[in-house]
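Listed below are the residues making up each chain.
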Amino acid sequence: MTMRRSMILMMTASLVALAACEKKAEAPAGNSEVNTAAASPATATPAAAPGDPVASAMSAGPASIAADAAVVAPNPDGTMKTLREGKNGWTCMPDNPATPGPDPMCLDGNAVKWAMAWLGGKTPPEGVGLAYMLAGGIDASNTDPAAKAPAAGKDWVHTGPHIMVLNAPTLNAQFKGGDAPDVKSPSVMFGGTPYAHLMIPVN
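What you are looking at is a predicted structure, and each value in this text was computed from that prediction instead of being measured.

Cut-off values and rules
Residues numbered from 1 in each chain as written. Predicted model: local features only at pLDDT ≥ 70, side-chain atom pairs only at ≥ 80, totals over all residues. Heavy atoms only, no water. Helix = DSSP H or I, 4+ residues; strand = E, 2+ residues; numbered from the N terminus. Areas by Shrake-Rupley, 256 points an atom, 1.4 Å probe, with all protein chains shown as cover. Pairing = 2+ DSSP bridges. Axes fitted to C-alpha atoms, helices over the stretch in contact; angles between N-to-C directions. Contact = heavy atoms within 4.5 Å. Expected span 1.5 Å × (residues − 1). Buried < 20%, exposed > 50% of the residue type's maximum accessible area, 1.4 Å probe, protein only. Polar contact = N/O pair within 3.5 Å; in protein donor to acceptor, adjacent residues only side chain to side chain. Core = buried A, V, L, I, M, F, W, Y, C linked by side-chain atoms within 4.5 Å. Phe/Tyr/Trp six-rings, centres within 6.5 Å; stacked < 30°, edge-to-face > 60°.

Visitor: Is there a simple way to explain the overall build of the protein chain in this structure?
Guide: For the protein chain, the helix and strand inventory stands at six helices and ten strands. Carbon and sulfur atoms make up 58% of the accessible area of the protein chain, which amounts to about 9100 Å² in all.

Spelled out as structure tokens, the structure:
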């Protein structure tokens, strides 16, 4: 998946601007279909070089997707800059250095719409979305979509490389979630809310 509200200000600003990026790079027919085949570390983009936001963003997704994805990053004032135009309808963002762990991500067009609804506190539109976080992710809460930092006495939820399947309630119903998920197995984040989604580890 992450995309997620636990990512603090800079990553939030990134997601808010994704709708504009999506209009620049419309997905080709069939792009929004879900393929939950787990990407192995061998198919992921190589690890990012320190200080290289494009490489960081590309590390979130399989090389076959990241190579042609748009890459966006936030400016200090919260506006967005496009670091690279995309060709395949996917959008990737680099790691947010303000969070205590890696969290770059790549999202398809439906995942972008889901993220916009989540950040705006609105009901996500129909359409299953897919997002990759092959460099891992970190979240303030596994149950509270509005959390921006862990609750008192709690730690960040650290996840390894994973795929997020969004807007798939019948799939979510087959797996557990909760405050302390087993991040080594498929689990549900934000269960019982409109933003529930499946987290699938890939290693």
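After that view of the structure, there is still more to cover.
Visitor: Is there a simple way to think about the sheet that holds strand E2 (residues 80-84) in this case?
Guide: In a beta sheet, neighbouring strands pair by backbone hydrogen bonds and run either parallel or antiparallel. In space, the eight strands of this open sheet follow the order E2-E1-E3-E4-E5-E8-E10-E9, with mixed pairing throughout. Two strands bound the open sheet, and with one partner strand each, they are E2 and strand E9 (187-189). Neighbour-to-neighbour, the strand axes of the sheet open up by a mean angle of 30°, direction not taken into account. Strands strand E4 (105-107), strand E5 (129-133), strand E8 (162-166) and strand E10 (197-201) of the sheet are contacted by helix H5 (residues 109-120), whose axis makes an angle of about 90° with E5.

Visitor: Whenever I open this one, H5 confuses me. Can you help?
Guide: For H5, with twelve residues, the first-to-last C-alpha span of 17 Å sits near the 16 Å given by 1.5 Å per residue. Burial within H5 is extensive, with nine of its twelve residues counted as buried. Every buried residue belonging to H5 is among Gly109, Asn110, Ala111, Val112, Trp114, Ala115, Ala117, Trp118 and Leu119, and all of these are buried. Looking at where H5 begins, the residue whose side-chain oxygen comes 3.2 Å from the main-chain nitrogen of Asn110 is Asp108.

Visitor: What is the right way to look at the environment of Pro201 in this model?
Guide: Following the sequence through the fold, Pro201 ends up in strand E10. What makes Pro201 buried here is its relative accessible area of 17%. The residues contacting Pro201, other than those within four sequence positions of it, are Pro161, His162, Val183, Lys184, Ser185 and Pro186.

Visitor: Would you take a moment to explain the nonpolar core for this structure?
Guide: The tendency in soluble globular proteins is for nonpolar side chains to be buried as a group. Grouped together as the largest cluster of nonpolar side chains are 19 residues, with contacts concentrated most on Trp90, Cys106, Leu130, Tyr132, Ile163 and Val165. Breaking this core down by element, the ones donating at least two residues are E5, E8 and E10. With 18 residues, the next largest nonpolar core counts Val72, Met93, Trp118 and Leu119 among its residues.

Visitor: When you look at the pairing of E8 in this model, what are you seeing that I'm missing?
Guide: Working note: regular strand, side chains alternate between the two faces of the sheet. Burial within E8 is extensive, with five of its five residues counted as buried. Burial of E8 is two-sided: the residues His162, Met164 and Leu166 facing one way and the residues Ile163 and Val165 facing the other way are all buried. Summarising the sheet, E8 and E10 pair through five bridges and their orientation is antiparallel. Counterpart to Val165 in the pairing with E10 is Leu198.

Visitor: What am I meant to see in the packing of aromatic side chains here?
Guide: One pair of aromatic rings is described through two measures. These are the centre distance and the angle between the planes. Per the counting criterion, the structure on display carries four aromatic pairs. A ring pair is formed by Trp90 and Tyr132, whose centres lie 5.7 Å apart and whose planes are at 45°; its orientation type is tilted. Taken as a pair, Trp90 in the loop between E2 and strand E3 (91-93) and Tyr132 in strand E5 lie far apart in primary sequence, 42 residues in all. Between Trp114 and Trp118, the aromatic rings sit 5.8 Å apart at their centres with planes inclined by 25°, giving stacked as the arrangement. Of the two residues, Trp114 and Trp118 both sit in helix H5, four residues apart, roughly one turn of that helix. A relative accessible area of 1% means that Trp118 is categorised as buried. Ring pairs connect the aromatic residues Trp114, Trp118, Phe190 and Tyr195, which therefore count as one cluster.

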